[in-house]
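# Survey of secondary and tertiary structure
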Amino acid sequence: MAALNDEQTMIRDMVREWADNESPVSAFRKMRDAAPAAGYDANAWRVMAEMGLAGIVIPEEFGGTAFGYLSLGLVLEQLGRNLAASPLASTAAAATAIVMGGSPAQQAAWLPRIATGEVVATLAVDEGPVHNPAKIATSVAGGKITGTKAFVAEGDSAALFVVAATDGLYLVAGDATGVSRSTRKMADSRSHAQISFDGAFAEKLEGTTTQAIVDRATAAVCAEMLGLAVQAFETTNDYLKTRVQFGQLLSTFQALQHRMAKLFTEIELMRSAVEAALEAIDSGRSDIDQAVTLAKAVAGDTLKLASREMIQLHGGIGMTDDYDAGFYIKRAAVLEAMWGNAAFHRERFARLNGY
């Protein structure tokens, strides 16, 4: 477990309290039923921006707080516990691309607006159903970008896209001529869209690479996955302590105790891997790629176990829409695939280590 400073502890506790009181799972259920085009509650996002969360990885000179990726991860973990729908992870990754690779003019034009929550930004990288940043056909000629990106998170509402092309990353405004969106309905009831660029105006980001930004986006997703896994464990553990079967509490059955003990251990290992990746980013270590890919591999396997144990140990009620367990397994399935599943990252980790 990472050693948090006073500032990070305050942020974690503040967001946890807000999420529990103002954005519980019932708020997600309400949002799902209302089905806003953006895939999240705009009022909740406004409040989060007022709390300073939209600018958490943006330098202070542009209106952010520059708290870093570990702090971002703490926030996303707490939001993930309650399935709070927001564009924070996507916007933070896109903002990081501008911080790392943007010109002074690009930074001044976009970062202050992102920090206030006015602009929702996102990455548009993958062009097929499976994550593969090495297989990109989107191209730019004469400052005009052409290509199609599949399953772009927050693609329905983004005012700015950071787009991966064959020769690097580009900024494309969401309202630019030549940009079209097609909503994709996913199991998690969140925003995912196919974005087509047909000769849209694009500005290149010169100072970073696609993989460097994807690694940071992946670390952010891992933090949300950690929140889901923690809450899946806690909710299931509480249920076992209250549900009576065959005249006994389920928590008294040794076989179930063993399963919960194993899950607890796996989640603690997951926390170590995820927080190590976030700390690697903040410290600018040379092994960020390895730390992130290890975290995603561990997070994918662990969340898969946690979400499925949640369903199974709840029994029949876990399969119904009246209970929250189904929401966790649906969101988990999407996050497991986002930026590469566990198998993808195990293979990548082996390649990075010369195997």
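Higher on the page you've got the structure.
All of these numbers come straight from a predicted model, not from anything done at the bench.

### Side note on the sheet that holds strand E2 (residues 139–141)
Read across the open sheet, the four strands follow the order E2-E3-E7-E6; overall the sheet is antiparallel. Only two strands of the sheet have a single partner each, and these edge strands are E2 and strand E6 (179–183). On average, adjacent strands in this sheet sit at an angle of 15° to one another, irrespective of strand direction.

### Considerations on the packing of aromatic side chains
For the structure on display, the rule yields three aromatic pairs. Arranged with centres 5.8 Å apart and planes meeting at 80°, the rings of Phe161 and Phe197 form a pair that is edge-to-face. Note that Phe161 is positioned in strand E4 (residues 160–165) and Phe197 in strand E7 (residues 192–201), a separation of 36 residues in sequence. Under the relative-accessibility criterion, Phe197 is labelled buried at 2%. Between Phe233 and Phe264 the ring centres are 5.8 Å apart and the planes differ by 50°, which places this aromatic pair in the tilted class. Here Phe233 is found in helix H7 (residues 210–240), whereas its partner Phe264 is found in helix H8 (residues 254–283), with 31 residues between them in sequence. Taking the relative accessible area as the measure of exposure, Phe233 reaches 13% and is therefore buried. What makes Phe264 partly exposed here is its relative accessible area of 43%.

### So, the sheet that holds E4
Spatially, E1-E4-E5-E8 is the arrangement adopted by the four strands of the open sheet, whose pairing is mixed. Pairing within the sheet leaves two strands with one partner each, and these edge strands are strand E1 (121–124) and strand E8 (203–205). With direction set aside, neighbouring strand axes in the sheet form an average angle of 30°. Bridge count between E4 and strand E5 (residues 168–173): six bridges; the pairing is antiparallel. Looking at the pairing, Phe161 lines up with Val172 of E5.

Reading the values: rules and limits
- Residues numbered from 1 in each chain as written.
- Predicted model: local features only at pLDDT ≥ 70, side-chain atom pairs only at ≥ 80, totals over all residues.
- Heavy atoms only, no water.
- Pairing = 2+ DSSP bridges.
- Helix = DSSP H or I, 4+ residues; strand = E, 2+ residues; numbered from the N terminus.
- Axes fitted to C-alpha atoms, helices over the stretch in contact; angles between N-to-C directions.
- Phe/Tyr/Trp six-rings, centres within 6.5 Å; stacked < 30°, edge-to-face > 60°.
- Buried < 20%, exposed > 50% of the residue type's maximum accessible area, 1.4 Å probe, protein only.

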